[in-house]
Amino acid sequence: RREDLYLAALPVTLERFAFAAQWFATEEAIRERFGREAPGGPTNRWVFNSNVGFNKLFPTGALLLFQLANRTVINLTGDLKHTISESTLLLDLVQPLLRGGGKAVTLEALTQAERNLLYEIRSYARFREQFYVFIAAGGDLGRAAGQVAGRAALALTPGVIAPTQGYLPILQISAQLANERRNVAALERLLEMFRAFREGELVTQLQVDQVEQQLLNSRNNVLNTELNYRDSLDRFKLQLGLPPGVDIELEASTLQPLVRQFSRYDVVVRQFAGAAGELERLRAEAIGAELQEESVGRLSGLLAAPVTLPVPAGLGTAAATTSAARLGAEPPEALLPPFPLRARVEQILTASPLVQGTQIRTRISERWVEWRKLTDKEVFERVNLLKEVRRKLELLRDKLSIEGKEFPEKDRQRLEEVYFEIDLGEMEDALRDYLTRPWRKIPDPVVRVSAQADLLQRVVRSAFSMLSRARRERLDAITESWPELPALRVGGVDLLQVDLAEAQAVVAQTALTNRFDLMNARAQLVDAWRQIAIAANALMGVFNVRYHWEAFSPFGEAKPLAIGGSRQQHQLFFNAELPLVRKSERNVYRAALISYQRQRREVMAAEDAVLVAVREEIRQLRVLAENYRIQKRLVELAYLQVENAEDTFRAPPEPVAQQRITGAATAAALTQQLLNAQASLLRAQNQTYQIWINYLTTRLFLYRDLELMPLDPRGVWIDESANLPRDAGPNGCPSAIQQPAPPGSSADERGDQLPAPRSLPSPPGGDGPP
């Protein structure tokens, strides 16, 4: 395209040169020797014919010719004069007055050449924008260039077909590959858990096979996506004009905001899993401590009874009788310290990474102290009172919802506080019930163990509820940190916030004003109108005025510079021709009229096509923005579904429902629910990436079609609007996905701008794994 621009400039230089004084100088040397009987003989001489002068075309169509001609003859015989030099000075000036005259006709070739150069400059400026979008978003460069008014679409060098991969699509593939690898890791963890449950006969082999089947399918998806990624990366290298063997690293700041957001969710998930695991270990340790204490108690009972020990021969015949006191035995309470259940629960609820920096941690620390000061009766009464308050607030909420009214924020906060206080009170009550150890009064060991497990399960379930509240608070905080889509502002108007009609009017006016191809189409309409006048001039008759002046030097003398005096001629000519035969010119004129009408329709069609394109793009962008808002909630729900499904599967059953939950059908349903939730999370994450990339791509198209895409010297878009806040005034590869932004800059600050390219060392083994 740069070569096309250079070639378009060459005719301008030629047409401008046509109006400059064009000098000429010629020389002819003739050596003559004729015999006596030859015509003109005998002759032996040198003849020199010289011409020098210039001609000049004027904008009015006048043509000036100035010429100095000299003939010098040197005779080498003695019969004739040795040297004769004669000069003639000529001046001709012709001015057409009708056909072919006037500035409009004379300057037409220069005017059209200059306008063609301007058209090519505009086209090249637009092509640079289109080429940036072609590299960034992919697609067909011919379609990206657009066919305005039926003109040929832009293309690359003839015979060279560039791949249409694009940077953003391959970045999306790399992000999806990273998601699928994390999904495989999650399924591998689930498979280990199910195999452990299978050993404990908590699940069937069918459920283990279901998890393994989904894991194997996910591994296949990873392999296929990785293959697609590598193939796409090679096509992208060809698109950039790079050899396929060159190692490149994708600059991933475009997707880093979403990657960081998903990482925040993953951190909360891991921290919640760690805290829940601590509760599970606490429950197992508490049961183990009780069993150990019972074993020590039984041993102490045996030692407290009199025991007769056999005495070896030679040591006497007296029987040795001992007791627990003689062997140093102590009561069970002295042998083992009590299990610190309350302290361990408090540590998990106030010191685990999940609750750090949350209001739940502060509220637990402050409010739990108040609950501990109450007696058992006061705890019971306060919990019942809070449940009554909860019932009334829930009735009020339901009533207002039926009436279509909004639940007051003050009452909503009060209801949330009541929920928290009830859970805290029930946890305190459960702890007190457990610490009294009522199961020790039960003689049946099976019933005793079951009773202890039930009381311990109440404590764990209450603590788990508190952890769930902390998780919800953390997730709500993460919800506020979702990255905003890059701003969509034109002329100080936020196109995502204003009414659709206003947004369409703004982009339509901007496109009609700024588009370079529309400027060219309108200018070509002017060219077509101008051709009508040119064709009409050809229908006129001929009337030319010519002035001729000629001066000579003395004839037969050697005085070439003695020009003038009485040896001058002045002539004035008037040439006229009636327009009797103009059939061909008539056809050209009619064709010019038709071409003008066609060009008018093409301009109208081009403007309509541009309006349709930008209107579609702004509607699509608004839909994508709304899809993104919905997708954020879908991702949040997907994370919650995975956690709730896993919590439901892991949670110990209620005693009354234990047989039902452990049934094969229900267990299989819970397994399928967990697998579906995990698959739904993967789809939600990939869909979020796709919406984000589609928004960026369509945004590129819109700004390109609005001709609002200034490029820096590297050819990269200077996207100033991407960094503006919403309330501003009117003025590759998975490794790349996970790497931080370069020092001194952040992805959110740079928007869609790319950093300066940097070379990467080639590994000895060729392309490394993505």
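Along each chain, residues carry numbers from 1 onward, in the same order as the chain's sequence is written. Under the rules for a predicted model, residues below a pLDDT of 70 receive no local features and side-chain atom pairs below 80 are neither given nor counted, while totals for whole chains, interfaces and linings still include all residues. As a convention, hydrogens and water are excluded, and side-chain values are obtained from all of the structure's heavy atoms.

A. Region of interest: the overall build of the protein. Of the regular secondary structure elements, the protein holds 20 helices and 10 strands. With 770 residues in all, the protein has 40% of them scored as buried. Numbering of helices and strands runs from the N terminus; a helix is a DSSP stretch of H or I covering at least four residues, while a strand is a stretch of E covering at least two. Note on exposure labels: buried denotes an accessible area under 20% of the residue type's maximum, exposed denotes more than 50%, and partly exposed covers the range between, all computed with a 1.4 Å probe on protein chains only.

B. Examining the packing of aromatic side chains more closely. By convention, a stacked pair of Phe, Tyr or Trp rings (six-membered ring in the case of Trp) has centres within 6.5 Å and planes under 30 degrees apart, an edge-to-face pair has planes over 60 apart, and any other such pair is tilted. For the coordinates displayed, the defined rule picks out 16 aromatic pairs. Ring centres 5.9 Å apart and planes at 15 degrees place the aromatic pair tryptophan 46 and phenylalanine 48 in the stacked group. Since its relative accessible area comes to 34%, tryptophan 46 is described here as partly exposed. Judged by relative accessible area, phenylalanine 48 falls into the partly exposed class, the value being 26%. An aromatic cluster is built from Phe262, Tyr265, Trp482, Tyr628, Tyr639, Tyr689 and Trp692, whose rings are joined through pairwise contacts. A ring has a charge above it when a Lys NZ or an Arg CZ is no more than 6 Å from the ring centre and no more than 35 degrees off the ring normal. Here the guanidinium or amino end of lysine 56 rests over the ring plane of phenylalanine 58, the centre of that ring lying 5.4 Å away. Sitting above the plane of the tryptophan 371 ring, arginine 382 keeps its charged end 5.4 Å from the centroid.

C. Focus on the sheet that holds strand 3 (residues 63-75). One open sheet holds the six strands; their spatial order is 1-2-3-4-9-10, and the pairing between them is antiparallel. For this open sheet the edge positions go to strand 1 (22-34) and strand 10 (568-577), each flanked by a neighbour on one side alone. The average undirected angle you get between the axes of adjacent strands in this sheet is 15 degrees. Paired strands are those between which DSSP finds at least two bridges. Two strands pair when backbone bridges link them, and strand 3 and strand 4 (residues 83-96) are joined in this way by 12 bridges, in the antiparallel orientation. Opposite leucine 65, over in strand 4, you have aspartate 92 as the bridge partner. Lines fitted to C-alpha atoms define the axes here, with helix axes fitted over just the stretch in contact, and angles between the N-to-C directions of these axes take values from 0 to 180 degrees.

D. Spatial organisation of the environment of lysine 56. Residue position: lysine 56 is located in strand 2 (residues 43-57). Taking the relative accessible area as the measure of exposure, lysine 56 reaches 23% and is therefore partly exposed. Beyond its immediate chain neighbours, meaning those up to four positions away, lysine 56 contacts Phe19, Ala20, Ala21, Ala62, Leu63 and Leu64. We define a polar contact as two N or O atoms separated by no more than 3.5 Å, with the added condition that, inside protein, one atom must be a possible hydrogen donor and the other a possible acceptor, whereas residues neighbouring each other in sequence contribute only through side-chain atom pairs. At a separation of 2.7 Å, a polar atom in the side chain of lysine 56 contacts the main-chain carbonyl oxygen of phenylalanine 19. Contact definition: two residues touch when any of their heavy atoms are within 4.5 Å.

E. Structural context of the pattern of salt bridges. Just to be clear on terms, a salt bridge is a Lys or Arg side-chain nitrogen sitting within 4 Å of an Asp or Glu carboxyl oxygen. Scanning the entire structure with this criterion turns up 43 salt bridges. Ionic pairing is found between aspartate 433 and arginine 458, a salt bridge with its closest N-O pair at 2.9 Å. Taken as a pair, aspartate 433 in helix 12 (residues 409-435) and arginine 458 in helix 13 (residues 445-479) lie far apart in primary sequence, 25 residues in all. The partly exposed category is assigned to aspartate 433, whose relative accessible area is 27%. Sharing partners across several salt bridges, the network here consists of Arg126, Arg515, Asp517, Arg704, Asp705 and Glu707.

F. The confidence of the model for the protein, seen in detail. In the predicted model, the protein carries a mean pLDDT of 83, and 82% of its residues have values of at least 70. Summary of the metric used: pLDDT quantifies the predictor's per-residue confidence within the range 0 to 100. Scored below 50 in pLDDT, residues 654-662 shows seven contacts in the model against residues more than four places distant or in partner chains. Across residues 729-754, where pLDDT falls below 50, the model places 72 contacts with residues more than four positions away in sequence or in other chains.

G. Structural context of a nonpolar patch on the surface. Patch definition: residues with relative accessible area over 30% and no salt bridge; like charges joined within 9 Å; nonpolar side chains (Val, Leu, Ile, Met, Phe, Trp, Tyr) joined within 5 Å. For the area figures, the Shrake-Rupley method with a 1.4 Å probe applies, and any residue is considered shielded solely by the protein chains shown. On the surface, Leu93, Tyr547, Leu572 and Phe574 cluster together to form a nonpolar patch covering roughly 380 Å² of accessible area. Within the secondary structure, leucine 93 is located in strand 4.

H. Representation of the side chain of serine 462 in the model. Within the element layout of this structure, serine 462 appears in helix 13. Judged by relative accessible area, serine 462 falls into the buried class, the value being 12%. A polar side-chain atom of serine 462 sits 2.9 Å from the main-chain carbonyl oxygen of arginine 458. Sequence-distant contacts of serine 462, defined by excluding residues within four places in its chain, comprise Glu426 and Met427.

I. Structural view of unusual backbone geometry. The backbone phi angle of arginine 437 is positive, close to 55 degrees, even though this residue is not glycine. Relative to the helices and strands, arginine 437 is located in the loop between helix 12 and helix 13. A residue is classified by how much of its surface remains accessible, and arginine 437, at 21% relative accessible area, is partly exposed. The backbone phi angle of glutamate 707 is positive, close to 60 degrees, even though this residue is not glycine. Mapped onto the elements, glutamate 707 comes out in the loop between helix 18 (664-705) and helix 19 (734-738). Given a relative accessible area of 9%, glutamate 707 falls into the buried group.

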